[in-house]
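Take a look at the letters that make up each chain.
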Amino acid sequence: MAIWFARSRNIVSSLRHNLNLSGILSKRDYSPRPAFTNSQLSSRSVFLDSITSLRHESTAVEKQHDLVQQSDEEDVQELDFPGGKLGYTSEMKFIPESSPKRVPCYRVLDEDGRIISDSDFIPVSEQLAVRMYEQMATLQVMDHIFYEAQRQGRISFFITTVGEEAVNIASAAALSPDDVVLPQYREPGVLLWRGFTLQEFANQCFGNKADHGKGRQMPVHYGSNRYNYFTVSSPIATQLPQAAGVGYSLKMEKKNACAVTFIGDGGTSEGDFHAGLNFAAVMEAPVVFICRNNGWAISTHISEQFRSDGIVVKGQAYGIRSIRVDGNDALAVYSAVRSAREMAVTEQRPVLIEAMTYRVGHHSTSDDSTKYRAADEIQYWKMSRNPVNRFKKWVEDNGWWSEEDESKLRSNARKQLLQAIQASEKWDKPPLTELFSDVYDVKTKNLEEQELGLRELVEKQPQDYPPGFHI
Amino acid sequence: MAARIHGGAGAGAATALSTFNPKKLVAPSRTNLPAARSSKRYIVAAAGSDASKKSLRVGHSQKLIANAAVATKADTSATTGTGHELLLFEALQEGLEEEMDRDPHVCVMGEDVGHYGGSYKVTKGLADKFGDLRVLDTPICENAFTGMGIGAAMTGLRPVIEGMNMGFLLLAFNQISNNCGMLHYTSGGQFTIPVVIRGPGGVGRQLGAEHSQRLESYFQSIPGIQMVACSTPYNAKGLMKAAIRSENPVILFEHVLLYNLKEKIPDEEYICNLEEAEMVRPGEHITILTYSRMRYHVMQAAKTLVNKGYDPEVIDIRSLKPFDLYMIGNSVKKTHRVLIVEECMRTGGIGASLTAAINENFHDYLDAPVMCLSSQDVPTPYAGTLEEWTVVQPAQIVTAVEQLCQ
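Given the structure is predicted, the values throughout are model-derived calculations rather than measurements.

**Overview of the overall build of chain A**
Logical step 1: Within chain A, the regular secondary structure consists of 14 helices and 9 strands.
Logical step 2: Considering chain A as a whole, with its 471 residues, one finds that 53% of them fall into the buried category.
Logical step 3: Residue pairs at least 24 apart in sequence account for 71% of intrachain contacts in chain A once pairs closer than 6 positions are excluded.
Logical step 4: Working note: accessible area of chain A is about 21600 Å², and carbon and sulfur atoms make up 52% of it.

**Considering the overall build of chain B**
Logical step 1: Scanning chain B from terminus to terminus reveals 12 helices and 16 strands.
Logical step 2: Taking all 406 residues of chain B together, the buried fraction comes to 62%.
Logical step 3: The long-range share in chain B, meaning contacts at least 24 apart out of those at least 6 apart in sequence, stands at 83%.
Logical step 4: Approximately 14600 Å² of chain B is accessible, and the part contributed by carbon and sulfur atoms is 55%.

**Remarks on the sheet that holds strand β3 (residues 106–110) of chain B**
Residues and elements named next belong to chain B.
Logical step 1: Spatially, β4-β3-β5-β6-β8-β7-β14 is the arrangement adopted by the 7 strands of the open sheet, whose pairing is mixed. Each edge of the open sheet is held by one strand with a lone partner, namely β4 (135–137) and β14 (319–321). The mean inter-strand angle of the sheet, taken between neighbouring strand axes irrespective of direction, is 20°.
Logical step 2: Inspection of the sheet shows β3 paired to strand β5 (residues 158–162) by 5 bridges, in the parallel sense. The partner of Gly 110 across the bridge, within β5, is Glu 162.
Logical step 3: Against the sheet, helix α1 (residues 88–102) touches β3, β4, β5 and β8 (250–255), its axis set at about 130° to β3.

**Focus: the side chain of Ser437(A)**
Logical step 1: Along the chain, Ser437(A) turns up in the loop between α13 (433–436) and α14 (445–460).
Logical step 2: Among the residues examined, Ser437(A) registers a relative accessible area of 16% and is labelled buried.
Logical step 3: Of note is the side chain of Ser437(A), whose polar atom sits 3.1 Å from the side chain of Arg216(A).
Logical step 4: For Ser437(A), the residues in contact, after removing those within four places along its chain, are Arg216(A), Lys443(A) and Tyr185(B).

**Focus: the confidence of the model for chain B**
Residues and elements named next belong to chain B.
Logical step 1: Confidence along chain B averages 83 in pLDDT terms, with 80% of residues attaining 70 or more.
Logical step 2: Low confidence marks residues 1–79, where pLDDT is under 50. Its contacts with residues over four positions away, or in another chain, come to 143 contacts.
Logical step 3: Confidence metrics for the complex model read pTM 0.77 and ipTM 0.71.

**Looking at the interface of chain B and chain A**
Put simply, an interface is often sized by how much accessible area is lost when its parts join up.
Logical step 1: Contacts between the two partners involve 53 residues from chain B and, on the opposite side, 46 residues from chain A.
Logical step 2: Viewed at the interface, chain A and chain B are joined by 0 salt bridges.
Logical step 3: Listed by contribution, the elements that provide at least two residues to the side of chain B that touches chain A are β3, β4, α3 (142–154), α4 (173–180) and α5 (183–186) of chain B.
Logical step 4: If you tally residues by element for the side of chain B that touches chain A, the top one is α3(B), at 9 residues.

**Examining the sheet that holds strand β3 (residues 180–182) of chain A**
All names here are of chain A.
Logical step 1: Judged by pairing direction, the sheet is parallel, and its 5 strands sit side by side in the order β3-β4-β5-β9-β8 without closing on themselves. Since the sheet does not close on itself, it has two edges, and those belong to β3 and β8 (321–326), each with one partner. Here the average twist between neighbouring strands, direction ignored, is 20°.

**A look at the nonpolar core**
Logical step 1: Counting 83 residues, the largest nonpolar core has Tyr248(A), Phe219(B), Ile251(B), Phe253(B), Leu289(B), Ile317(B) and Ile358(B) as its most contacted members.
Logical step 2: Ignoring sequence-local partners within four residues, the contact set of Leu289(B) consists of Ile315(B), Ile317(B), Ile328(B), Val338(B), Leu339(B), Ile340(B), Val341(B), Leu354(B) and Ile358(B).
Logical step 3: Formed by 78 residues, the second largest nonpolar core is a distinct cluster that contains Val167(A), Phe206(A), Phe262(A) and Val288(A).

**Brief notes about the packing of aromatic side chains**
Logical step 1: All chains considered together, the criterion is met by 15 aromatic pairs over all chains.
Logical step 2: Their ring planes at 65° and their centres at 5.2 Å tell us that Tyr133(A) and Trp401(A) sit as a pair that is edge-to-face. Placement of Tyr133(A) in helix α2 (residues 126–151) and of Trp401(A) in the loop between α11 (387–397) and α12 (403–426) is noted, with a sequence separation of 268 residues between them.
Logical step 3: Under the relative-accessibility criterion, Trp401(A) is labelled buried at 8%.
Logical step 4: Between Tyr380(A) and Trp381(A), the aromatic rings sit 5.7 Å apart at their centres with planes inclined by 80°, giving edge-to-face as the arrangement.
Logical step 5: Through a chain of ring-to-ring contacts, three or more aromatic side chains come together here, namely Phe196(A), Phe201(A), Tyr222(A) and Tyr227(A).
Logical step 6: Its end group placed over the ring of Tyr116(B), Lys121(B) keeps NZ or CZ at 4.0 Å from the ring centre.

**Description of unusual backbone geometry**
Logical step 1: That bond from Lys321(B) to Pro322(B) is cis: its omega, 0°, falls within 30 degrees of zero.
Logical step 2: Phi angles above zero are rare outside glycine, and Asp118(A) is one such case at about 65°.
Logical step 3: For Asp118(A), the location among the structural elements is in the loop between β2 (84–87) and α2.
Logical step 4: Of note in this structure, Asp438(A) is not a glycine but carries a positive phi near 70°.
Logical step 5: For Asp438(A), the location among the structural elements is in the loop between α13 and α14.
Logical step 6: Of the residues examined, Asp438(A) reaches a relative accessible area of 13% and is grouped as buried.

**Considering the packing of helix α3 (residues 165–173) of chain A against helix α9 (residues 330–347) of chain A**
All names here are of chain A.
Logical step 1: Following both chains from N to C, one finds α3 and α9 inclined at 40°, their axes separated by 8 Å at the closest point. It follows that α3 is oblique to α9 by the angle criterion. The chirality of how α3 crosses α9 is right-handed. For the pair formed by α3 and α9, the contact residues are Ala 166, Val 167, Ala 170, Ser 171 and Ala 173 on the first element and Ala 330, Val 333, Tyr 334 and Val 337 on the second.
Logical step 2: Grouping the amino acids of the contact of α3 with α9 by side-chain chemistry returns 8 nonpolar, 1 polar and no charged.

**Quick look at the confidence of the model for chain A**
Logical step 1: Taken as a whole, chain A shows an average pLDDT of 86; of its residues, 84% reach a score of 70 or greater.
Logical step 2: Across residues 1–71 of chain A, confidence stays below pLDDT 50; counting only partners more than four residues off in sequence or on other chains, it has 88 contacts.

**Examining the pattern of salt bridges**
Logical step 1: Across all of its chains, the model carries 51 salt bridges over all chains by this definition.
Logical step 2: Lys392(A) is the salt-bridge partner of Glu406(A), the closest N and O atoms lying 3.8 Å from each other. Separated by 14 residues along the polypeptide, Glu406(A) in helix α12 and Lys392(A) in helix α11 bring together distant segments of the chain.
Logical step 3: With a closest N to O distance of 2.7 Å, Glu451(A) and Lys443(A) form a salt bridge.
Logical step 4: For Lys443(A), a relative accessible area of 23% gives the class partly exposed.
Logical step 5: In the salt-bridge network here, residues are joined through shared partners; they are Glu94(B), Glu98(B), Glu99(B), Arg102(B), Lys237(B), Lys241(B), Arg245(B) and Glu269(B).

**Digging into the environment of Tyr372(A)**
Residues and elements named next belong to chain A.
Logical step 1: Position of Tyr 372 among the secondary structure elements: in the loop between β9 (351–356) and α10 (375–383).
Logical step 2: The sequence separation of Tyr 372 and Thr 300 amounts to 72 residues, and the corresponding C-alpha distance is 8.7 Å.
Logical step 3: Not counting chain neighbours up to four residues away, the residues in contact with Tyr 372 comprise Trp 296, Ile 298, Ser 299, Arg 359, His 363 and Asp 367.
Logical step 4: Side-chain polar atoms of Tyr 372 contact the backbone oxygen of Ile 298, separated by 2.9 Å.

How each quantity is defined
- Residues numbered from 1 in each chain as written.
- Chains lettered and ligands numbered in written order.
- Predicted model: local features only at pLDDT ≥ 70, side-chain atom pairs only at ≥ 80, totals over all residues.
- Heavy atoms only, no water.
- Helix = DSSP H or I, 4+ residues; strand = E, 2+ residues; numbered from the N terminus.
- Buried < 20%, exposed > 50% of the residue type's maximum accessible area, 1.4 Å probe, protein only.
- Contact = heavy atoms within 4.5 Å.
- Areas by Shrake-Rupley, 256 points an atom, 1.4 Å probe, with all protein chains shown as cover.
- Pairing = 2+ DSSP bridges.
- Axes fitted to C-alpha atoms, helices over the stretch in contact; angles between N-to-C directions.
- Polar contact = N/O pair within 3.5 Å; in protein donor to acceptor, adjacent residues only side chain to side chain.
- pLDDT = per-residue confidence, 0-100.
- Salt bridge = Lys/Arg side-chain N within 4 Å of Asp/Glu carboxyl O.
- Core = buried A, V, L, I, M, F, W, Y, C linked by side-chain atoms within 4.5 Å.
- Phe/Tyr/Trp six-rings, centres within 6.5 Å; stacked < 30°, edge-to-face > 60°.
- Lys NZ or Arg CZ within 6 Å of the ring centre and 35° of its normal.
- Parallel < 35°, antiparallel > 145°, perpendicular 65-115°, else oblique.
- Left-handed = near helix turned anticlockwise from the far one by under 90°.
- Nonpolar A, V, L, I, M, F, W, Y, C, P; charged D, E, K, R; others polar.

Put into structure tokens, the structure is as follows:
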């Protein structure tokens, strides 16, 4: 079913562990020379003086892939340090701050929506592909209409995912419903895929009494325990260590599920990024970290965010398997996330995916990105590098989608959304009791008193409070 | 016993959570209780549910009194069994171990909690018994393992997060405030965070400013969390168990200098109510409110005061958030004078909040202004003499009482 990547195309991955399922799960101090993946590693006799012995040893191992490319030094004498044996060299050489070549990104569809020949990818059925496209298009309509609603003053705030529809939908499609998702805030597509209705999205944005969050969070801070989607929390990257915790929990209960968490390029500067990845690696927790590198963190371009070659190179620093993928290529994202998920669950390890994409919209409705970037840069990405159009071409070329389907889908979505918004707008906001409930499981005395006090105040002077302020 | 359990919670890991209802076992958290109650001990039966949760500990008699259901408290002040003596840190460990036996979802995480047994040996022996996944050694990043505990809690586990020293948990403030305290509320009740965050705090013996923090000051404002402070082996074990069973995030404050206190505690299972204060010494002349280590300074001062003819009522408030204003109120109505003795700093400490609460609620019953003895607003110095001057001493307490009772 899953196509394992037998060949490492990557320069960086040539130094990485092979995809051997009987991997080194509980090893704590394996040598940094990743030549072997079997338990013989624990006996130091593996590292002998001559290379021939190494090769001799390796025939005893089960299926062994190409030996890693040996580094320049010929000496194989080793030093013992905490952490294992390592070779030494008398040549003073600094590891360069960057590789001569950047890590390439994995892509399957070209810009015209045609599959690149000889691509590795997991085939997608017509049904799945059509559903993926429909959801990507619906997400676009949703973004457009809610954004307009904010501009009209009907909701106070909104965050769009324009330009990142492929990351949203294709990743969601690759997961199982039991996988626990910890979003940042630009991944409503995952929730949409899992079944959250347009009405439910609208309710949250309007903070009305039907909102699952009971009107307690800003718009776009969706959450649903039913769909295993943790409530969005505004501070950046706090979900990353929590994802390690979710992975730990799933590991303890031996569930066939993993934690999947999203972060942007800017969020990787937070301490919690380091913390979350390090912990997940040490705990050997089944977590898939998906970084949406969309080029901008509000007005901070990635050149001002970090000096590394993006995020993918950071994975190895934590001992985490990583891949860079073209985030605007739905098929590539689907295959990568699907494979990562399988690895995470079967091998009980974290995986890092850097999805290269572009944030076409503003950071949020409180931002005007034309103030810090060129309007034609935005246009270019919107028109020529549009992930939805690209996938659409592929789906149409297969004969699975027509213009008629397109207009029907868009007008239906639009109609549903307008209706949902109209309904949400009319419904009451949560009553006063919801101000004080859920702080604890049972209200404490001081909260009861405060509620009583406020209720008396409102009842005494209803004219001082806005209409629709229900007790 | 105890084959090492690797990579899983071992027996009972797959036990459905649905059969287990922690609410059936914990005494209600209400403070408007009938005046007749006198003892704070609750003998609680083990769940009527899964047998696997009743796993017996060797050497621990499991004589459980019949179910004191939610509404009433079976008030058995007579100790049945002889009880056993232990130190406070052992009492914490006993409580933790009993809860881990009882519920496979309880796990521990923190620095050096595994085979090292924790810096203060509270988790000693647990990794051998429950495995090093359930008693997890984490890398050094407080924000990370606190965040991890929160994520695990939202997915159904009940983590006990240990800060090696409370002061280090300042690094986890973001996770504790923005997520731990808030996510139950902001998710509309969809996700619960039944974590226990615990660790030693307070002024020790020349540990320096960073290791002498009183975090209860900083945390007390965070909505959504509960805070309790233990002071005796009895209430340490009881509060530990209650905190683990609570569905809310609870911060359990231990004190560095109290870990070696010895006391005899009952053999039967018991828990303490998280929201209740403890009457240490009933009296008539003045109400002295205190918690944690200062309880002992107050009791020492009480001896002197009794010799001088005073009759102080000493209450260990135990519950720092929310305050047990019921017991405190009754005491104030009786004595009409209040002295608060705390280790927090003068500005923004627990005493400051408690003073405000008492003034607001019981102003008419006071014959004198509420007096609060706290540490000065200085970082705790290293030099022994200086350090001693920053902590409220019994002599000061005696003077304050004499002053208030004029």
